[in-house]
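# Residue-level structure breakdown
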Amino acid sequence: MGSITNSQELAKNEIEKQSMQVEQNLDEVEIAVDYSKRAQWLRAAVLGANDGLLSTSSLMMGIGAVKQDAKAMILTGIAGLVAGACSMAIGEFVSVYSQYDIEMSQMKRQNNSSTHELEEKKKNLPSPLQAAAASAFAFAIGAIVPLLAAAFVKNYHIRLGIVVTAVSFALLVFGGLGAYLGNAPLLKSSLRVLIGGWLSMGITFGLTKLVGVTGLYG
């Protein structure tokens, strides 16, 4: 009887150890999934800010190619910030709402869960309004950089140089953050974003200057 009892105790201890190990593994999986979701959101925010930075600075450089006063350049940047943020918000709202509708339809078709479980699942679905607000905010953060750089400089050439310098630094920062969150090579990704930004500003400046010289815009 003693040997049987010992065997039962050993089996019980082994089962408890296995159960604890399974729980620990599940916790690790949940943590990994949570961090993965956070990284995705952060990377999306960085990309949105980079988009705001690049599109707004390119617009400002474009208008700066044909008009030397600071007012026109800053007003163009503000218009680009507002229009871009609204566009990003609407696009993200429509995209996430479509995903929300698909998930809801799928849950209704399955219809195997209780009312409480359905409510819990609904809470875990992405919020279209939150996604839209986050997207617009990220875009605006990036767009503010060239606006602040140009806001207090009256001299035309110095203003252009400061905008390019500030945007270049911000591109390196956003490129590095995006690379870090995406597990990509830091230096290559940062330089890729920087060179892409220079090309965007340079092409916009050059083509707008050409249009201004030819007088096509009236």
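Residues numbered from 1 in each chain as written. Predicted model: local features only at pLDDT ≥ 70, side-chain atom pairs only at ≥ 80, totals over all residues. Heavy atoms only, no water.

The name recorded for the protein in an unreviewed UniProt entry is Vacuolar iron transporter, from Nicotiana tabacum. Listed in UniProt under the heading Function (unreviewed entry), the comment for the protein reads: "Vacuolar Fe(2+) uptake transporter." Per UniProt, the protein has the following entry under Catalytic activity (unreviewed entry): "Fe(2+)(in) = Fe(2+)(out)". (UniProt positions renumbered as here; feature names shortened; annotations may be inferred.)

Cross-referencing UniProt, the feature "transmembrane region" (unreviewed entry) maps to residues 72–97, 131–152, 158–181 and 193–217 in the present numbering. Along residues 72–97 one finds 100% helix and 0% strand; the C-alpha atoms at either end are 37 Å apart. (Helix = DSSP H or I, 4+ residues; strand = E, 2+ residues; numbered from the N terminus.)

Right, let's get into the packing of aromatic side chains. Taken as a whole, this structure holds 1 aromatic pair when the rule is applied. With 5.3 Å between their ring centres and 55° between their planes, Phe93 and Tyr97 make a pair best called tilted. Of this pair, Phe93 and Tyr97 both sit in helix 2 (residues 70–110), 4 residues apart, which is roughly one turn of the helix. (Phe/Tyr/Trp six-rings, centres within 6.5 Å; stacked < 30°, edge-to-face > 60°.)

Let us look at helix 5 (residues 156–181). Taking 1.5 Å of rise per residue, the 26 residues of helix 5 would be expected to cover 38 Å, and the 37 Å separating its terminal C-alpha atoms lies within 8% of that figure. Here helix 5 starts with a cap whose side-chain oxygen sits 3.2 Å from the backbone nitrogen of His157, and that cap is Asn155. Remark: Asn183 follows helix 5 within two positions and exhibits a positive phi of approximately 55°. (Expected span 1.5 Å × (residues − 1). Polar contact = N/O pair within 3.5 Å; in protein donor to acceptor, adjacent residues only side chain to side chain.)

A few words now on the nonpolar core. Within the largest apolar cluster, 28 residues are counted, with the highest numbers of intra-cluster contacts made by Leu53, Met61, Met73, Val163, Val167, Leu171 and Phe174. The biggest single contributor to this core is helix 4 (residues 128–151), with 8 residues. The contact partners of Leu171, leaving out residues within four places of it in the chain, are Asn50, Leu53, Leu54, Val193, Leu194 and Gly197. (Core = buried A, V, L, I, M, F, W, Y, C linked by side-chain atoms within 4.5 Å. Buried < 20%, exposed > 50% of the residue type's maximum accessible area, 1.4 Å probe, protein only. Contact = heavy atoms within 4.5 Å.)

Let us now look at a nonpolar patch on the surface. A cluster of nonpolar side chains, Leu172, Leu187, Leu191, Ile195, Trp198, Leu199, Ile203, Leu207 and Leu210, forms an exposed patch at the surface whose accessible area comes to about 890 Å². Counting residues per element, the nonpolar patch draws most heavily on helix 6 (residues 186–214), which supplies 8 residues. In this fold, Ile195 is placed in helix 6. Relative accessible area serves as the criterion here: at 45%, Ile195 is assigned to the partly exposed category. (Patch = residues over 30% accessible without salt bridge, like charges linked within 9 Å, V, L, I, M, F, W, Y side chains within 5 Å. Areas by Shrake-Rupley, 256 points an atom, 1.4 Å probe, with all protein chains shown as cover. Salt bridge = Lys/Arg side-chain N within 4 Å of Asp/Glu carboxyl O.)

The next point concerns the packing of helix 5 against helix 6. At a closest axis distance of 8 Å, the pairing of helix 5 and helix 6 adopts a crossing angle of 145°. As helix 5 runs across helix 6, the sense of the crossing is right-handed. Mapping the contact onto sequence places Tyr156, Leu160, Val167, Ser168, Leu171, Leu172, Gly175, Gly176 and Ala179 in helix 5 and Leu186, Ser189, Ser190, Val193, Leu194, Gly197, Trp198, Met201 and Phe205 in helix 6. When its residues are assigned to classes, the contact of helix 5 with helix 6 shows 12 nonpolar, 6 polar and no charged. (Axes fitted to C-alpha atoms, helices over the stretch in contact; angles between N-to-C directions. Left-handed = near helix turned anticlockwise from the far one by under 90°. Nonpolar A, V, L, I, M, F, W, Y, C, P; charged D, E, K, R; others polar.)

We now examine the side chain of Thr56. Topologically, Thr56 is positioned in helix 1 (residues 2–64). By relative accessible area, Thr56 is classed as buried at 1%. Setting aside residues no more than four positions away along its own chain, Thr56 makes contact with Gly77, Gly80, Leu81, Phe139, Ala143 and Pro146.

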